[in-house]
Amino acid sequence: QVQLAESGGGLVQAGGSLRLSCAASGTVLSITTMGWYRQPPGKQRELVATITRDGSTNHADSVRDRFTISRDNAKNNVYLQMNSLKPEDTAVYYCNAYIPLLNRNHWGTGTLVTVSP
């Protein structure tokens, strides 16, 4: 089993920055890709960014050039640096970890990011 704990959410004004962190514990050696997803109010969960164990990244078009995902394999952590935040970035942000051996996704409980105009 894998447990994921997010931190770093909060309230910020438009144009500001936040850094989200996710700490993985449990059978972490089985994790390959980790990522961040978000669910805006009243909308479906959507991809923000993913990163493989060797550091290959993928960012959604809506956040490219503003958000950066990174990973520390030694600490089993994944981060999301969010700059130039916009009100439409307001959402609950979820950490994700994929275990291919089990074809299973694990999710954190989420952290709320609110961007005021």
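Source: prediction; values computed, not measured. (Residues numbered from 1 in each chain as written. Predicted model: local features only at pLDDT ≥ 70, side-chain atom pairs only at ≥ 80, totals over all residues. Heavy atoms only, no water.)

> Could you clarify how one ought to interpret the packing of aromatic side chains in this entry?
Each aromatic ring pair is characterised by the separation of its centres together with the angle its planes make. Overall, the coordinates contain one aromatic pair when judged by the stated rule. Between tyrosine 37 and tryptophan 107, the aromatic rings sit 5.0 Å apart at their centres with planes inclined by 70°, giving edge-to-face as the arrangement. Here the residue tyrosine 37 occupies a position in strand E4 (residues 34–39), and tryptophan 107 occupies one in strand E10 (residues 104–107), the gap between them amounting to 70 residues. The partly exposed category is assigned to tryptophan 107, whose relative accessible area is 36%. The ring of tyrosine 79 has arginine 19 lying over it, and the distance from NZ or CZ to the ring centre is 4.1 Å. Note that arginine 45 overlies the ring of tyrosine 94, its terminal NZ or CZ placed 3.8 Å from the centroid. (Phe/Tyr/Trp six-rings, centres within 6.5 Å; stacked < 30°, edge-to-face > 60°. Helix = DSSP H or I, 4+ residues; strand = E, 2+ residues; numbered from the N terminus. Buried < 20%, exposed > 50% of the residue type's maximum accessible area, 1.4 Å probe, protein only. Lys NZ or Arg CZ within 6 Å of the ring centre and 35° of its normal.)

> Just checking my understanding: could you explain unusual backbone geometry for this structure?
The bulk of non-glycine residues show a negative phi, and the bulk of peptide bonds are trans. Even without being glycine, aspartate 65 reaches a positive phi, approximately 80°. Looking at where aspartate 65 falls in the secondary structure, it is placed in the loop between strand E6 (57–59) and strand E7 (67–72). Positive phi, normally seen in glycine, also occurs at serine 84, with a value near 50°. Mapped onto the elements of the fold, serine 84 is located in the loop between strand E8 (77–82) and strand E9 (91–99). Accessibility expressed as a relative area gives 41% for serine 84, which makes it partly exposed.

> Got a minute to help me understand the state of the cysteines in this structure?
As used in these notes, a disulfide is a covalent bond between sulfur atoms, one from each of two cysteines. Applying the stated criterion to the full structure yields one disulfide. What pairs with cysteine 22 in a disulfide is cysteine 95, and their sulfur atoms sit 2.1 Å apart. Across the disulfide from cysteine 22 to cysteine 95, rotation about the S-S bond amounts to roughly -80°, and the bridge is consequently left-handed. Taken together, the positions of cysteine 22 in strand E3 (residues 18–26) and cysteine 95 in strand E9 put the pair 73 residues apart, joining distant regions of the chain. Relative accessible area serves as the criterion here: at 1%, cysteine 22 is assigned to the buried category. (Disulfide = S-S within 2.5 Å.)

> What should I look at first to understand the nonpolar core in this one?
It is characteristic of soluble globular proteins that their nonpolar side chains tend to be buried jointly. Within the largest apolar cluster, 29 residues are counted, with the highest numbers of intra-cluster contacts made by Met34, Trp36, Leu80, Met82 and Tyr93. Elements with a contribution of two residues or more to this core: strand E1 (2–7), E3, E4, strand E5 (46–51), E7, E8, E9 and strand E11 (111–116). Residue contributions to this core peak at five residues, all from E9. When near neighbours in sequence (up to four residues on either side) are disregarded, methionine 82 contacts Gly16, Ser17, Leu18, Leu20, Arg66, Phe67, Tyr93 and Val113. (Core = buried A, V, L, I, M, F, W, Y, C linked by side-chain atoms within 4.5 Å. Contact = heavy atoms within 4.5 Å.)

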